[in-house]
Amino acid sequence: MSRKKEYEEYKKKYLEFQNTFKQMYYDKIKGLINEEQFKMLSDELQSEMKIYHEKLNKIEGQLNSNDVKAILIQQAYDKIKNIIDMQDLNRQMIENLIDFVEIFKDNRIKIHYKFSNLKNFS
């Protein structure tokens, strides 16, 4: 099952629990269940709701993280493609690609590209 589908299932179940809780509250007000029954059922229901709420939060975090990664990768791809499509490189293009350059005592050069760490690529 995909994470989005799983999220939708959990959300549906969570909303069902909320509706059940509301109905129980109305039943208590109408006198269909007493305070003790309401308390017992309410505790069980809130425990289940907490579990689903935590699952929803976890999946939301994962979906958001994956969405952010996809956006960053697409941005990196777009910038690199724009540079490749152009014949001449200018200063702005280089600044978009390179984070910094290290020059060592033995004359080695190491180029740190922004897209090697996607968080730096903006």
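**Considering unusual backbone geometry**
Here is step 1 of the chain: Despite not being glycine, Asn107 shows a phi value in the positive range, around 70 degrees.
Here is step 2 of the chain: Its place among the elements puts Asn107 in the loop between β1 (98-103) and β2 (109-113).

**Considerations on the pattern of salt bridges**
Here is step 1 of the chain: All chains considered together, the criterion is met by three salt bridges.
Here is step 2 of the chain: We note a salt bridge from Asp43 to Lys39, for which the minimum N-O separation is 3.1 Å. One end of the pair, Asp43, and the other, Lys39, are both in helix α2 (residues 35-85), four residues apart, so they sit about a helical turn from each other.
Here is step 3 of the chain: Asp43 gets classed as partly exposed once you look at its relative accessible area, which sits at 38%.

The rules behind the values
Sequence positions are assigned chain by chain, starting from 1 and proceeding in written order. Given that this is a predicted model, residues contribute local features only at a pLDDT of at least 70 and side-chain atom pairs are listed and counted only at 80 or more, while totals for whole chains, interfaces and linings are drawn from all residues. The side-chain quantities take in all heavy atoms of the structure and omit both hydrogens and water. The way it works is that DSSP assigns letters per residue, a run of H or I at least four long becomes a helix, a run of E at least two long becomes a strand, and they are numbered from the N terminus. Any carboxyl oxygen of Asp or Glu within 4 Å of a side-chain nitrogen of Lys or Arg constitutes a salt bridge here. Partly exposed residues are those whose accessible area sits between 20% and 50% of the maximum for their type, while under 20% is buried and over 50% is exposed, using a 1.4 Å probe and protein chains only.

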